[in-house]
Amino acid sequence: MAQNKPLKARDIMTAGTQCVGEHESLQDAARIMRDMQVGAMPICGDDDRLMGMVTDRDIVVQCVAVGDDPAQVECGSLGGELHWIDAEASATDALHVMEENQVKRLPVIDVQNGHRLCGMISEANLAQNLTDKQIAEFASRVYAGAH
């Protein structure tokens, strides 16, 4: 009987992730998110390297709610603490990074090939690839402090 190799981050990620540029406006990011039907996007710098994430909630809370114009605020201004995983890391490691940092989306970086963004791991990716027990633990840790 063949032994199954452990899943890597690249095995469970959604490939072909689109970035929003650091100098693009939050309004542009919101339109892209709407069109792609996603709630978050990676922010890439002028060097095409990952520099942050922007979520629909960030746009509302950190821009609209304080009276700023999303058409005038650059995505790069919302860069916070960035969490990511190497494409060659185990899927279990990705799960742990997401749990420990209470993030629902995790950029995947191809460290061996130029340190470029190559995909994203979302809750849906976890649900399709991990055990029920792992998913339940993830939900209890990530949503423990959610309001």
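Figured I'd write up the structure that's included with this text. Each chain has its residues counted from 1, running along the sequence as written. Only residues with pLDDT of at least 70 get local features here, since the model is predicted, and only at 80 or more are side-chain atom pairs given and counted; chain-wide, interface and lining totals rely on the full set of residues. Side-chain descriptors were evaluated using all non-hydrogen atoms of the structure, hydrogens and water having been removed beforehand.

### Observations regarding the overall build of the chain
Put simply, the rule is: Helical segments are the DSSP runs of H or I of at least four residues, strand segments are the runs of E of at least two, and each set is numbered from the N terminus. Restricting the calculation to C-alpha atoms gives the radius of gyration, and the globule rule supplies 2.2 Å times the number of residues raised to the power 0.38. Here the term buried applies to any residue with accessible area under 20% of the maximum for its type, exposed to any over 50%, and partly exposed to those in between, with areas from a 1.4 Å probe on protein chains only. Here, residues are in contact when the closest pair of their heavy atoms is within 4.5 Å.
Within the chain one finds 6 helices and 7 strands. Order of helices (α) and strands (β) in the chain, N terminus to C terminus: α-β-β-α-β-β-α-β-α-β-β-α-α. Computed over the C-alpha atoms, the radius of gyration of the chain is 16 Å, within 12% of the 15 Å expected from 2.2 N^0.38 for a compact globule of 147 residues. Reported as C-alpha extents along the three principal axes, the dimensions of the chain are approximately 60 × 40 × 25 Å. The buried share of the chain, taken over its 147 residues, is 37%. For the chain, the share of sequence-separated contacts (at least 6 apart) that also reach a separation of at least 24 residues comes to 56%.

### A few points about the nonpolar core
This is how the line gets drawn: Put simply, buried Ala, Val, Leu, Ile, Met, Phe, Trp, Tyr and Cys residues joined by side-chain atoms within 4.5 Å make one nonpolar core.
Core analysis: the biggest nonpolar cluster contains 20 residues, and Ile85, Met98, Leu106, Val108, Ile121, Leu126 and Phe138 have the highest contact counts within it. Elements supplying a minimum of two residues to this core: helix H1 (9-12), helix H4 (91-101), strand E6 (105-110), strand E7 (116-122) and helix H6 (132-142). Sort the elements by how many residues they give to this core and H4 lands first, with 5 residues. Look past the residues within four positions of Leu106 in its chain and what remains in contact with it is His83, Trp84, Ile85, Ala94, Val97, Met98, Gly119, Met120 and Ile121. Core analysis: the next-biggest nonpolar cluster, separate from the first, contains 13 residues, Leu26, Ile43, Val54 and Val73 among them.

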